[in-house]
Structure formats: C-alpha cells, structure tokens
Amino acid sequence: MNFSDVIGQEEVKAQLRRQIAAGHVPHAQLFCGPEGCGTLPMALAFATALLCQNGGEEPCGACPGCKMAAKGAHPDLHFVFPVYKRAGQTTPAVSDQFLDTWREMLAESGGYFDRAEWLGRIGVENQQLLISVAESDLILRKLSLKSGQGGYKVMIVWLPELMNVETANKLLKILEEPPSETAFILVSDHPDSLLATIRSRTQRIDFRPLTDTDIMQALMKRNALEEADAKVVARLSEGSYVRALRQLQVNEDTALFFDMFVLLMRMSYMRKIKDMHEWAERVASWGRERQKNFIDYCQRLVRENFMYNFQKPELNYMSRQEAEFAVRFARFVNERNVIGIMNELSDARRDIAQNVNPKMVFFDFALKMIVLLIQ
Ligand SMILES: [Zn+2]
C-alpha cells in the first residue's frame, strides 16, 4: 500500500509525509472521517511507509518490509478490528481468529470497505460487533515483544469506538507511554462515541469526504469507467468511494433495467401485445426486490425524460446511454401523461410489495403504457 493507492486526501498525505521526514511520528494518532473517505487505506499506506526498510516519505514498494505489509502480513504490523463470538465459542472473541478473512478483505478492496461489508464478509448480519477485553490484553502482549525487523511496530485499530469501557481503560497507559518506536493508528468513523480518555491521548487527524472529482477520477482509473458514467456514479456517492463501488454493482442491474424499459416503450408504441406479454413474464421471473428496484428505475427515467424537455442539463442526472435515449424518447413524456405514468408505476410498486401476481402487475402496466404514451 502506497500513498498513491489512497484516493484524494492530499492534505492528510502531506501532513503524514512531513511527520516521517521530520522523524516526529506521534505515538498515537486518531484518523477520523466518514465511511468510505479512505481512513483505513491511509492507515495502511502510512504503516507501510513506517515499515519500509528503505525509509523515506514514500514506501519503496519493493523491499521485504513493503511486500509483507502489502499482504497485511508484516510481523510488526498488528491489526485490531471488531469481531463477534461464534455460536458455541467458549473463549473470548479476538481479531486474530478472523485475521485470514481480514487480509483477504484488505487485498481485494485496498481497505475501501465499511462495517456493513465487514459484517457481511464474516457471515453475520445482526450480530453485535465488539472489541473485547481479551483483545486489549493481546495488544499489550504484542507490543511488549521486540520488533521482529528492528524498526517500528504499528498497531492499527479499526473502529476503536466499538471497544467497551473496560477494554479502553486497559489501553490508556500504553497509549500514553508506549514502548519506543511504536505507532498506534486508531481509525474511526464515529470519533464522538470514543471515550474522552482515549481521544485525549491521541493526536487527531480529520479526513473530509472525497470530492466528486476525486471519486470520478478513481472510477475512471481503477474501474475503467468512461467519464460521463464516472461522473454520474461520483455524484451519487456522497464523498464515499465505498458507496461508489456499491453503486457500480447496482449499475450492472441498471444496464438490464435500461434495456427492459426501452424494450417496453418500443413494444407499447408499436402495440406488440404478444411481445409485451413475454416481457411481463420475464420481469415476473425476477425476485420481488429486483422488481421493486426496476420500478424505481422506471420512475427515475420517466422523471429524467420529462425534465429533459425543459433543456436544463444541469438538472438532468443521466448516464450517456440514458441521455442518448432521451434525445428520441423525451418528447413522449409530457404534461398530459407524466402524472398518469408515474401513478401507474406507484400502483405497480404497491401491488408488488403486497404480493399481487407480478405477471399481472407488469402486463397490466405495459397495456396502460399503450394508451398513455400517445397522449
Ligand atoms: Zn520498502
């Protein structure tokens, strides 16, 4: 993990580079910022820089120290993160029991994931995550050992706000007077839930949400998106690259929804009743959640097309493909029918939520579009 693997956050990068260059690395820092802004990737890059055997403000990426750190498997790089007690487990739950999963997650995401994704990965959705007292004993033990490589020892604590009072209290002393060449990096998205005693013993660095431009450029470079598409995703991500990645997942469905919407509009216009029946059967074969998402998508596209007629591009949020379609289609959505179409979609959504036969719901909607589209 290098600083260049961290999206945006140039001010924080500069501040951390200055610490390294000056040889004044605070022994306990608190990286704070909203989910998806890159606090954990920054902690990894900073830790790598501290563990790089070639020193310098940038990790070299080539030495054994950098290579081990990149896998999250450096003997002097320790991780603590919230976990849960498995059913029937008699020993306390600690991070080391989930370390393999944690490393996989880091390797796949570069540290861009949030607590919901972590919960999903370790296979629980409604369990309470915590950092147990047993964990603080382990931290003390790990940091009392001599560093394996004769340099820094780094302890990254992800979501320290999930420590209970007892766990936190045990760490106060070591946070205040750690062994030499020890760097604690606490990575928090809810620093206000941290105990004041912990906050007062750490040097705080605040991260801002990412800018739309940062996210847009990252999507083009890392995810091979075209500029127009990257722009739309970035706008919907609210400063979180994690949310942007989730949006990409949704976009795969969106491509299908777009095709199905266009198909229906063509068939309705040409009154191809038999094809419309097949179309309804196909949509009916999807799961109910997906059907609801499809209806939401249709509503959005109808709204965008209606607005397109007013020629205010700054108010239109469409992908390139959707915008190209709007050039021809928008004139069919007008003052006479827009409310009718939106109401039909709302009714369809309500019926789907109430378990009405989806084949009937979607065929019914398709038939109504024949009448509505020519108004
Ligand atoms: Zn190196």
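### Quick word on the overall build of the protein
What the protein contains, in helices and strands, is 16 helices and five strands. With respect to the principal axes defined by its C-alpha atoms, the protein has extents near 80 × 45 × 35 Å. Of all 375 residues assigned to the protein, the portion counted as buried reaches 50%. Surface summary for the protein: the accessible area is close to 18300 Å², and the carbon and sulfur share equals 51%. Side-chain charges in the protein split into 45 positive and 47 negative, and the spacing between the mean points of these groups amounts to 2 Å.

### Quick notes on the pattern of salt bridges
All told, the structure shown has 26 salt bridges when counted by the stated rule. Arg-17 serves as the salt-bridge partner of Glu-58, at 2.6 Å between the closest nitrogen and oxygen. In this pair, Glu-58 is assigned in the loop between α2 (39-51) and α3 (64-70) and Arg-17 in helix α1 (residues 10-22), connecting sequence segments 41 residues apart. Assessed through its relative accessible area of 22%, Arg-17 is described here as partly exposed. Across the pair Glu-176 and Arg-201 runs a salt bridge, and its minimum N-O distance is 3.3 Å. With Glu-176 in helix α7 (residues 165-176) and Arg-201 in the loop between α8 (196-199) and β5 (203-206), this residue pair connects regions lying 25 residues apart in the sequence. The class for Arg-201 is partly exposed, based on a relative accessible area of 23%. Taken together, the shared-partner salt bridges connect Glu-35, Arg-115, Glu-161 and Asp-189 into one network.

### As for the coordination of the zinc ion
Taken together, Cys-52 (SG), Cys-60 (SG), Cys-63 (SG) and Cys-66 (SG) make up the full set of protein donors to the zinc ion, lying 2.3 to 2.4 Å away. Counting gaps between the donor residues of the zinc ion yields the pattern C-x7-C-x2-C-x2-C. Judged by its relative accessible area of 7%, Cys-52 falls in the buried class.

### Description of the packing of aromatic side chains
Pairs of aromatic rings are described using the distance from one ring centre to the other and the angle between the two planes. According to the stated counting rule, one finds 25 aromatic pairs in the structure shown. When the centroid spacing of 5.8 Å and the interplanar angle of 90 degrees are considered together, the rings of Phe-261 and Phe-329 count as edge-to-face. You can see Phe-261 sitting in helix α11 (residues 241-270) and its partner Phe-329 sitting in helix α14 (residues 320-329), a full 68 residues away along the chain. Like Phe-329, Phe-261 is buried. Here a set of aromatic residues connected by ring pairs shows up, and it is made of Phe-79, Phe-81, Trp-102, Phe-113, Trp-118 and Trp-158. One residue, Arg-222, lies across the ring of Tyr-241, its end atom 5.9 Å from the ring centre.

### Brief notes about a nonpolar patch on the surface
A grouping of Tyr-269, Met-270 and Ile-374 is seen on the molecular surface, where their side chains present a nonpolar patch of about 360 Å² in accessible area. For Met-270, the location among the structural elements is in helix α11.

### Things to note about the domain arrangement of the protein
Assigned domains within the protein: domain 1 (3-208), domain 2 (209-249) and domain 3 (251-372). Placing a centre on the C-alpha atoms of domain 1 and another on those of domain 2 gives a separation of 26 Å. Listed as interface residues are 16 residues of domain 1 and, on the opposing side, 11 residues of domain 2. Across the domain 1/domain 2 interface, buried area totals approximately 1000 Å², and carbon plus sulfur atoms make up 61% of it. Across the domain 1-domain 2 interface, the total number found is two salt bridges. Note that Arg-246 and Asp-114 form a salt bridge whose closest N and O atoms lie 3.1 Å from each other.

### Points about unusual backbone geometry
One non-glycine residue, Ala-224, lies in positive phi territory at about 55 degrees. In this structure, Ala-224 sits in the loop between α9 (212-222) and α10 (227-236). Positioned with a positive phi, Gln-311 is a non-glycine residue whose angle comes to about 55 degrees. Residue position: Gln-311 is located in the loop between α13 (288-308) and α14. Taking the relative accessible area as the measure of exposure, Gln-311 reaches 53% and is therefore exposed.

Calculation notes
Residues numbered from 1 in each chain as written. Predicted model: local features only at pLDDT ≥ 70, side-chain atom pairs only at ≥ 80, totals over all residues. Heavy atoms only, no water. Helix = DSSP H or I, 4+ residues; strand = E, 2+ residues; numbered from the N terminus. Buried < 20%, exposed > 50% of the residue type's maximum accessible area, 1.4 Å probe, protein only. Areas by Shrake-Rupley, 256 points an atom, 1.4 Å probe, with all protein chains shown as cover. Lys, Arg positive; Asp, Glu negative; His and termini not counted. Charge placed at Lys NZ, Arg CZ, Asp CG, Glu CD. Salt bridge = Lys/Arg side-chain N within 4 Å of Asp/Glu carboxyl O. Donors = N, O, S within 2.8 Å, 3.2 Å for Na, K, Ca; no water. Phe/Tyr/Trp six-rings, centres within 6.5 Å; stacked < 30°, edge-to-face > 60°. Lys NZ or Arg CZ within 6 Å of the ring centre and 35° of its normal. Patch = residues over 30% accessible without salt bridge, like charges linked within 9 Å, V, L, I, M, F, W, Y side chains within 5 Å. Domains from an automatic or database assignment. Contact = heavy atoms within 4.5 Å. Buried area = accessible area lost by both parts, 1.4 Å probe.

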